[in-house]
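The chain contents come next:
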Amino acid sequence: MLLAFLTIAACAAPLKEIDYYDVDTQALLKIRSMRVIDDASRAQGDYRVLGQVQGFYCNPRPPYAATPEATAIDQVKLRAAIEGADHIGTPACVSRKNRDIRYNCLSTVICTAEALVAD
């Protein structure tokens with residue numbers, strides 16, 4: 001069972017950073033007004049979940065970015081905007097400071113959040 005999981009995990013397509021120049025103006029404008037909606041705010045508002053989105057930060061060489069988690073969250077917002085979301089839920093981020101062979105990075109940060117639409 002464990003071997004099957006590891007095989008599937010190794011074959012999954014790696015995440016890639018989205019280049020801002022490849023995104024249409026509408027999505028870029030949406031990111032400027034996009035907010036992170038915490039659980040308390042979600043309970044008070046009407047939001048529909050479009051799905052989960054992930055953002056990725058890869059540092060292939062020193063020096064490290066000053067805010068790698070913020071960079072990964074920006075990528076989450078960008079993917080959410082492309083999906084048509086107005087906001088994102090509170091992101092959960094995982095940082096790896098050791099070499100990540102899969103991505104060929106010295107450090108990586110992967111953040112996941114729900115893409116939300118205000119109803």
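Remember, it's a predicted structure, so these values are computed and weren't measured experimentally.

Trainee: What's the story with the overall build of the protein in this structure? I'm lost.
Mentor: Counting its secondary structure elements, the protein contains four helices and five strands. Counting helices and strands in the order they occur from the N terminus, the protein gives α-α-β-α-β-α-β-β-β. Counting only carbon and sulfur atoms, one obtains 55% of the accessible surface of the protein, whose full area is about 7800 Å².

Trainee: Would you mind showing me how to read the nonpolar core here?
Mentor: For soluble globular proteins, the rule of thumb is that nonpolar side chains tend to be buried together. If you look at the biggest cluster of nonpolar residues, it comprises 19 residues, and the most contacted ones within it are Val76, Ala80, Ile88 and Cys111. Every element with two or more residues in this core is listed here: helix H2 (25-33), strand E2 (47-59), helix H4 (68-83) and strand E5 (107-118). Sorting elements by how many residues they give to this core places H4 first, with six residues. Apart from residues no more than four positions distant in its own chain, cysteine 111 is found in contact with Val53, Gln54, Gly55, Glu69, Ala72, Ile73, Val76, Pro91, Ala92 and Cys93. Formed by six residues, the second largest nonpolar core is a distinct cluster that contains Leu15, Phe56, Cys58 and Ile110.

Trainee: In this structure, what is going on with the packing of H2 against H4? I would like to understand it.
Mentor: Helix packing geometry: the angle between the two helix axes and the distance between the axes. Relative to each other, H2 and H4 sit at 125°, their axes nearing to 9 Å. When the axis of H2 is compared with that of H4, the two are oblique. Crossing hand, H2 versus H4: right-handed. Two secondary-structure elements touch here, H2 through Ala27, Leu28, Lys30 and Ile31 and H4 through Lys77, Leu78, Ala81 and Ile82. When the residues that make up the contact of H2 with H4 are grouped by side-chain class, the tally is six nonpolar, no polar and two charged.

Trainee: I'm lost on H4 in this one. Help?
Mentor: Structurally, the α-helix is built with 3.6 residues per turn, so residues lying three or four positions apart point the same way. Taking 1.5 Å as the rise per residue, H4 with 16 residues should run 22 Å; its terminal C-alpha atoms sit 23 Å apart, in good agreement. Those residues of H4 that fall on the buried side of the exposure criterion are Pro68, Ala72, Ile73, Gln75, Val76, Lys77, Leu78, Ala80 and Ala81. Close packing links the buried residues of H4 with H2, strand E1 (36-37), E2, strand E3 (87-89), strand E4 (92-96) and E5. Looking one or two places after H4, you find glycine 84, whose phi comes out positive at around 100°.

Trainee: How should I be thinking about the pattern of salt bridges in this particular structure?
Mentor: Proximity of charged atoms lets side chains of opposite charge pair with each other. Counted under the stated rule, the structure contains three salt bridges. A salt bridge links glutamate 114 to arginine 42; its shortest N-O distance comes to 2.6 Å. Here arginine 42 lies in helix H3 (residues 39-44) and glutamate 114 lies in strand E5, a separation of 72 residues in the sequence. Since its relative accessible area comes to 24%, glutamate 114 is described here as partly exposed.

Trainee: Just to check I follow, could you spell out the environment of valine 23 for this structure?
Mentor: Topologically, valine 23 is positioned in the loop between helix H1 (2-11) and H2. Given the relative accessible area of 13%, valine 23 is considered buried. With 55 residues separating them along the chain, valine 23 and leucine 78 place their C-alpha atoms 8.4 Å apart. Discounting chain neighbours no more than four positions away, the residues touching valine 23 are Ile18, Leu28, Leu78 and Ile82.

What counts as what
Residues numbered from 1 in each chain as written. Predicted model: local features only at pLDDT ≥ 70, side-chain atom pairs only at ≥ 80, totals over all residues. Heavy atoms only, no water. Helix = DSSP H or I, 4+ residues; strand = E, 2+ residues; numbered from the N terminus. Areas by Shrake-Rupley, 256 points an atom, 1.4 Å probe, with all protein chains shown as cover. Core = buried A, V, L, I, M, F, W, Y, C linked by side-chain atoms within 4.5 Å. Buried < 20%, exposed > 50% of the residue type's maximum accessible area, 1.4 Å probe, protein only. Contact = heavy atoms within 4.5 Å. Axes fitted to C-alpha atoms, helices over the stretch in contact; angles between N-to-C directions. Parallel < 35°, antiparallel > 145°, perpendicular 65-115°, else oblique. Left-handed = near helix turned anticlockwise from the far one by under 90°. Nonpolar A, V, L, I, M, F, W, Y, C, P; charged D, E, K, R; others polar. Expected span 1.5 Å × (residues − 1). Salt bridge = Lys/Arg side-chain N within 4 Å of Asp/Glu carboxyl O.

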